[in-house]
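# Fold and geometry: a report
One-letter residues, chain by chain:
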Amino acid sequence: MQLRKEAIDIILNICDRYKNEPSPLMLILSDVQKEYGYIPLEVQEIISAKINVPVSDIYGVVTFYNFFSLVPKGKYVIGVCIGTACYVKGGQNVLDKFGELLKIKEGQTTEDGLFSLDGLRCLGACGIAPAVSINGKVFPKVTLQDVPKIIEEYRRLDKEGE
Amino acid sequence: MAKKVTIYIENRPYLVDEGLSILEAAKTCGFNIPNLCHWRDHKCSLASCRVCLVHVEGERRLVPSCAYPVRDGLKISINDPAAVSARRTSVELLLSNHYYNCQACRKNGHCELLEVAREVGARPERYVGHKTETTIDEIAPGIVRDTSKCILCGKCIEACKDTQGIGILGFEKRGFNTIVGPSENRSFVNVPCIQCGQCTLVCPTGALMEHNDIPRLDLAFQNKKKIIAFVAPAVRAAIGEEFGEKIGTNSTKKLAAALHRLGFYRAFDMNFAADLTIVEEATEFIKRFSSHSPSPMLTSCSPGWINYIEYYYPDLIPHLSTCKSPQQMMGAIIKSYYAEKNNIDKSSICTVSIVPCTAKKYERSRPQLKVNNLDDVDVVLTTRELGQLIRRSGIIWNKLPDEEFDHDLIGENTGAGVIFGVTGGVMEAALRTAYHILTNEEMEPVSFTPCRGLDGIKEASISISGTTVNIAICSGMSNAKVILDQIRQGTCKYDFVEVMGCPGGCINGGGQPYVFPVFLPNEDPDIWYTYKAKRAQVLYDEDKNKPIRRSHLNPDIKKLYNEYLMSAGSPLAEKLLHTSYNSHREMYPDVTDDTKPVTK
C-alpha cells in the first residue's frame, strides 16, 4: 500500500517534534495514534527510517500496548471498563452487549467505520461502576438496557453531523 | 587486568574478575549454572528464561545469575533447595507451552532445551494447559521458523539486531500471546531478511533452522540424475564437529572420503571455483581501478551480503563486483565446460553445493543466476545437513580413510581458494592475483597478514608497482554498514572492500555446526569466544601447506581459459560467470496467500 504524500508529511512532522528526545518512540507513536488514527506497517516503516529503530521493535511496541491500533478506529471509540470493580458490577456483560448489537468483537471496528469497541482496564471511576467512556464522555452505572439507547444516541448524533 | 573480588559459592571462597555476572564468574570457578538465554559475556540483557536462578545471601528473592554482577564478599548458593526447585519449575513451565515432538525434531541432539531439562531434572508434563497459537513458516528458501518450539529467550533477536544490525526479528503481542518473529508475523520472504542464518546459530531449540533440502537431493537420486557435489572451503573447518571432533580440526580428506561414499557421481572441491572467482574478480578490479569507475569496488561472494545491499543500500549496487559467487561459478562451469567436454547431457546433471551458509539456499533460486534457463546449482545443503546426510547413510566418520577430492578436467585448487572461507581471505587471494596481473611478478611473501584476524573492520594499504591500493575488509552487516555509510557520504578512502555477511566470514556461517558449550564438555569453557579463530586457523594452515598458493597458477584454471573461456572477462566468461543485481527489492511487499505462514 502506498501512502499519500500528505500522510507521510504528517508522520514526519510528528517525528521531528521529538527529535531531541533520547527515546522518542512512545511519544511519536502516541501522537501518530491520536492524529493519524492508527499505525499500520507502512507508517511504522516511515518512522523506522526516520528515527533509526528497526520496524520489528516498533511493531513490538504497537502490538504490546492496547492504546495503539494497527487498523483504523471508528468515529466513536466505545471503551467499556472491565477493571476489577466494573467487572464485578457486570462490565463484561455490558461489553458483550455492545459487541452483540454492533456485531463486532473487542478491538474491532464496525464496517461503516462509526464505532470501535475496546475493553479498558480501570478508568479510575470505580464509584460509578460499570463505567463506559465514549470519545472522552463517561457514562455511569451502565445497565444492559442502557446499551441500545447509547448506541442510538450516537447514531443520531452522527446523522446530525456532530 | 580486571580487579579481583572474592565470592563464596556454597561457602567456599573463589577469586574472580570484578564486573562479571554471577553466571560468568561461576563458570571461571568450574560451575555451569543451567541457562537458556545467555550467550555472550555478561551482556545478557534480557534475563528472559529464568532458568539460571541462584540464592544470594541478603537478597529477599532468588536472582537470575546472568544479570547479577559479582561484588566482593558475595555469598552465593547454587545448590540451595529453593533455587534447585525454582530452576526446575522454570524449565517445566517453558516445557508446558512446548510442543513435544522431539523424535521428529531436526534439532534433536543439539537441543539446549532438552539438555537443560535433563540437567535440572524436569518432570514430564508437570504443568498442562493452554498453548500459544503457533506459526510455521517454511516458505523462505533459507530459514524456517516454527514458533511451537520457541521459548522466547530472545537470543535470535539480539543476533539479528546487535550482531547483524538488521532487526528483522522481534517480540510481538503481549503476555501469553507473545511470539517471536518478523513484523506482522510475516514469512522471512516478505521482510528485508538477508537469510544469513545467524539466528539459527543461537536458537536453543528447533524454532529457527535452515530449510531442509535433503528431500530435494533424494529426489535427484530417485530420478537417477548424475549428481555432482562440491564443497565450500569453510565446511572442512567444521564438519568434524558434527561427529565429535575438536573444534579446529581439518577434515578435508575425510570429507572427500565421506562424499565418495554417499554415491555422488563426482565430488569436487569448490576451491577450484574460488580460484576462478579470484581471476575474474582481480581482473575486474584492475579494470575498474584504472578507469576510476565507482570506487571502492565491493566483493560479491556472500549472498547474505548481496541481500543486504539490495534491500538497504540499493544506490550503492554499482560498486558491487559483477562476479558470481564461487558456488554459482562452479555450477555454471559444470553445466557448460565440464558437461560439453565430457559429452554429458546438461539436463541430466544435478549440482549439489555443500556450504556453510543458509543464504546460499536463496541464492541458487535467484532469477539472475540462470544460464540458458538452467539453474547453476540445483540443491544447496549446509554443513549441518551434510552431517545429517552422513549419519543417515550409516557412514562411521571415525573409520573414514583419508581421500582426495575428485580431479576430472576441473577440481585442482590452490591455497588462495581455501582461505575464501574466512574474513579477509577473498581480499588476500585477490591481491595475490592482482599483483601478478599488474606487475607480471609474484607477490612476496605470498601471505598478506593485514588481511588476517577476526576484527569486524580491517584496513590496509599495499603498494603495487608504485601505486598505492587502499583496501578494507569487513564482516557482519553492522560493520558493513559503517563502510557503506562512508561511501554514501563520500568519505570512503578505500579502493577495494571485501564484505562477508557473517561475523568472521563463512567459518561462522549460518549453516555451520552449532557451538553450544553445554554439548562440548571437552572444549575450553571460553570456546564461545575462540571457535572462530580455531576454524580460521584450519584454513590458513591448509593454505600454507598447498604446493600452489596463487589462483592464477592453478593449472585447471589456466586450461579452462585456454581451451574454453579464452580470457578473464571475455564474452563467454561474462555470460557464465557474471551476474546482475536487483535495485528495486521491496522491503515489505504485500502478503499473498501462498507467502503467508501457517498459523494454527
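Just so it is clear, the model here is predicted, and its values are computed rather than measured. (Residues numbered from 1 in each chain as written. Chains lettered and ligands numbered in written order. Predicted model: local features only at pLDDT ≥ 70, side-chain atom pairs only at ≥ 80, totals over all residues.)

## Things to note about the domain arrangement of chain B
We note that the domain assignment places domain 1 (4-93), domain 2 (98-207) and domain 3 (225-577) within chain B. Between the C-alpha centres of domain 1 of chain B and domain 3 of chain B the distance comes to 42 Å. (Domains from an automatic or database assignment.)

## Thoughts on the sheet that holds strand β2 (residues 115-120) of chain A
All names here are of chain A. Strand order in the open sheet formed by four strands is β2-β1-β3-β4, and the pairing between neighbours is mixed. In the strand order of this sheet, the two ends are held by β2 and β4 (137-139), each with one partner. Looking at each pair of strands side by side, their axes are set apart by 20° on average, direction ignored. Alignment of strand β1 (residues 76-81) against β2, held across six bridges, turns out to be parallel. Across the sheet, V80 pairs through a bridge with G119, a residue of β2. Docked against the sheet, helix α6 (residues 91-102) engages β1, β2 and β3 (132-134), running at close to 150° with respect to β1. (Pairing = 2+ DSSP bridges. Helix = DSSP H or I, 4+ residues; strand = E, 2+ residues; numbered from the N terminus. Axes fitted to C-alpha atoms, helices over the stretch in contact; angles between N-to-C directions. Contact = placed C-beta atoms within 7 Å.)

## Here's the deal with the packing of helix α8 (residues 271-291) of chain B against helix α10 (residues 326-341) of chain B
All names here are of chain B. At their nearest, the axes of α8 and α10 sit 8 Å apart, and the two run at 105° to each other. With respect to each other, α8 and α10 are oriented roughly perpendicular. Residues F272, A273, A274, L276 and T277 of α8 lie in contact with α10, whose contacting residues are P326, M329, M330 and I333. The residue makeup of the contact of α8 with α10, split by class, is eight nonpolar, one polar and no charged. (Parallel < 35°, antiparallel > 145°, perpendicular 65-115°, else oblique. Nonpolar A, V, L, I, M, F, W, Y, C, P; charged D, E, K, R; others polar.)

## Notes on the interface of chain B and chain A
Chain B puts 14 residues into the contact, and the matching count from chain A is ten residues. Top contributing element to the side of chain B that touches chain A by residue count: strand β8 (residues 169-172) of chain B, with four residues. Tallied by class, the residues present in the side of chain B that touches chain A amount to six nonpolar, three polar and five charged.

## Thoughts on helix α7 (residues 252-261) of chain B
Residue and element names in this part refer to chain B. Judged by how many residues are buried, α7 sits mostly within the fold: seven of ten residues are covered. Listing the buried residues of α7 in full gives T252, K254, L255, A256, A257, A258 and L259. Packing partners of the buried residues in α7 comprise β11 (226-231), β12 (266-269), α12 (383-392) and α16 (527-545). At the exit of α7 stands G263, carrying a positive phi of roughly 90°. (Buried ≥ 20, exposed ≤ 12 C-beta atoms within 10 Å, placed from the backbone.)

## Focus: the environment of A359(B)
Tracing the chain through its elements places A359(B) in helix α11 (residues 359-363). In this view, A359(B) contacts G142(B), I194(B), Q195(B), C196(B), G197(B), P303(B), G304(B), N307(B) and G501(B); residues no more than four positions away in its chain are not counted.

## Focus on the nonpolar core
Across soluble globular proteins, nonpolar side chains have a tendency to be buried as a group. The biggest cluster of nonpolar side chains holds 162 residues, and the ones touching the most others in it are C156(B), A229(B), V235(B) and I333(B). Considering every element that reaches this core, the biggest residue donor is α8(B), with eight residues. Counting residues in each nonpolar core, the second largest holds 17 residues, with Y76(A), F98(A), L117(A) and V147(A) among its members. (Core = buried A, V, L, I, M, F, W, Y, C linked by C-beta atoms within 7 Å.)

## Description of unusual backbone geometry
Residues and elements named next belong to chain B. A cis geometry characterises the amide bond from S295 onward to P296, with omega recorded as 0°. Mapped onto the elements, P296 comes out in the loop between α8 and β13 (297-298). With an omega of -10°, the peptide bond running from E444 to P445 counts as cis. Checked against the element boundaries, P445 lands in the loop between α14 (425-439) and β18 (457-464). Residue N11 is not a glycine yet carries a positive backbone phi of 70°. Along the polypeptide, N11 turns up in the loop between β1 (4-9) and β2 (12-17).

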